[in-house]
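# Descriptive structure summary
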Amino acid sequence: MQSQLRKDLLDAFTKADGAYLSGQHIAELIGCSRTAVWKHIGELRKEGFELEAVRRKGYRIVKTPEKITADELRLGLTTKFIGKNLHYEETVDSTQKIAHRLAYDDAPEGTVIIAEEQVSGRGRMARRWHSPKYTGIWMSIILRPNISLPKAPQLTLLTAVAIVQAIEELTGLLPEIKWPNDILIKGKKVTGILTELEAESDRINSIIIGIGINVNQTKEDFPSDLEQIATSLLLEKGETVSRADLIKGIFTNLEKLYLLYLEEGFLPIKLLWESYAISIGKKITARTLTQSIIGKALGITDDGVLMIEDDHGKIHHVYSADIEL
Ligand code: BTN
């Protein structure tokens with residue numbers, strides 16, 4: 001619950017309309033001590049507000065966190081099932097973890113878990129996934145397709161297409177896909193997808209698709225080890241991008257493609273995926289756990305497996321690897 005003091009403080013800043021408010025003035029306006037003002041300002045900063053402090057002038061809010069609300073996401077959403085059952089959380093360890101639990105408890109297909117922040121976000125190959133508050137989209141979607149286990153990677157590829165289309169529609173940017181599931185803009189990663197599943201023998205019970213999108217991070221928001229390899233939509237577009245609109249766009253495209261997939265199989269999705277892929281037709285290096293394969297990326301099989309032709313004409317099927325272009 002927001003305290004009355006916090007609400008009054010935000011009202012005071014709203015009325016100031018971008019002008020500076022001194023600590024003393026705020027304290028008088030909302031009837032508290034200057035120490036209390038200072039404490040609340042510290043808490044606002046922790047929540048993602050950017051406040052500028054200038055000596056003798058006071059404070060002014062220069063950036064608000066673009067917080068997503070569940071109501072905002074529901075408003076105007078026209079999908080039949082994706083995002084209809086929506087769990088919105090402030091801070092979680094990982095949305096994947098929650099999704100697994102919900103899937104086990106029979107959550108309906110299309111259930112989505114979105115968090116403003118993940119403290120133990122996970123990426124592929126047991127890597128961590130940096131998921132700071134209010135800046136990105138961190139979500140997991142539960143699907144329950146009636147398909148066999150080897151076909152599961154097709155859904156990762158399908159998701160990548162849905163995200164690329166949604167980014168393109170909303171921002172006009174032209175993202176590309178790097179096999180299997182990285183989405184890049186000008187060579188830097190903007191999105192990662194992590195697909196995990198629950199299965200019994202050869203049948204899939206549920207697929208949990210984890211999506212991480214860097215939306216409104218500034219350069220300073222990235223830790224130094226990611227600075228050179230990651231980017232955000234804000235950095236590429238030069239303006240803030242609405243996370244709520246992007247999420248809704250992804251739900252819409254994902255549902256459309258998923259229904260097409262269930263109806264017509266993987267071929268139409270594969271063609272779309274290949275049209276967005278950067279690696280196809282190029283010389284690449286694929287580093288698997290055991291070896292490095294250098295050669296020309298020919299395309300993907302119907303199971304989403306990458307085919308690489310080496311210099312001796314031998315075709316390798318790569319199931320999991322890091323790709324260097
Ligand atoms: C990758 O390594 O490229 C995949 C990253 C996937 C990150 C997302 S963020 C939402 C979901 N929850 C997680 O802990 N991971 C995925």
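Above this text is the structure in question.
Here is a short report on the structure shown in this document. (Residues numbered from 1 in each chain as written. Predicted model: local features only at pLDDT ≥ 70, side-chain atom pairs only at ≥ 80, totals over all residues. Heavy atoms only, no water.)

## Considerations on the sheet that holds strand 3 (residues 86–92)
Backbone hydrogen bonds hold the strands of a sheet together, and the pairing may be parallel or antiparallel. Read across the open sheet, the 7 strands follow the order 3-4-5-9-8-7-6; overall the sheet is mixed. One side of each edge strand has no neighbouring strand; the edge strands of this open sheet are strand 3 and strand 6 (176–178). Strand-to-strand twist across the sheet, computed as the mean angle between neighbouring axes with direction ignored, equals 20°. Sheet topology places strand 7 (residues 182–185) next to strand 8 (residues 188–200); 4 bridges connect them, and they run antiparallel. Pairing of Asp-182 across the sheet is with Gly-192, part of strand 8. Contacting strand 3, strand 4 (112–118), strand 5 (136–143), strand 8 and strand 9 (203–214), helix 5 (residues 95–104) crosses the sheet at an angle of about 20° to strand 5. Here helix 9 (residues 243–264) sits on the sheet and contacts strand 3, strand 4, strand 5 and strand 9; the angle it forms with strand 5, its principal contact strand, is near 25°. (Pairing = 2+ DSSP bridges. Helix = DSSP H or I, 4+ residues; strand = E, 2+ residues; numbered from the N terminus. Axes fitted to C-alpha atoms, helices over the stretch in contact; angles between N-to-C directions. Contact = heavy atoms within 4.5 Å.)

## Some thoughts on the site of the ligand
Of all residues adjacent to the ligand, which total 20 residues, the nearest are Ser-94, Gln-118, Arg-122, Arg-124 and Lys-189. A distance of 2.7 Å is found between an oxygen atom of the ligand and a side-chain nitrogen or oxygen belonging to Ser-94. When the ligand sits alone it has 410 Å² of accessible area, and the protein chains cover 98% of it. Those elements that place two or more of their residues in the shell around the ligand are helix 5, strand 5, strand 8 and strand 9. With 4 residues, the top contributor of residues to the shell around the ligand is strand 8. Taken together, the residues of the shell around the ligand sort by class into 6 nonpolar, 10 polar and 4 charged. (Near = heavy atom within 4 Å. Polar contact = N/O pair within 3.5 Å; in protein donor to acceptor, adjacent residues only side chain to side chain. Areas by Shrake-Rupley, 256 points an atom, 1.4 Å probe, with all protein chains shown as cover. Nonpolar A, V, L, I, M, F, W, Y, C, P; charged D, E, K, R; others polar.)

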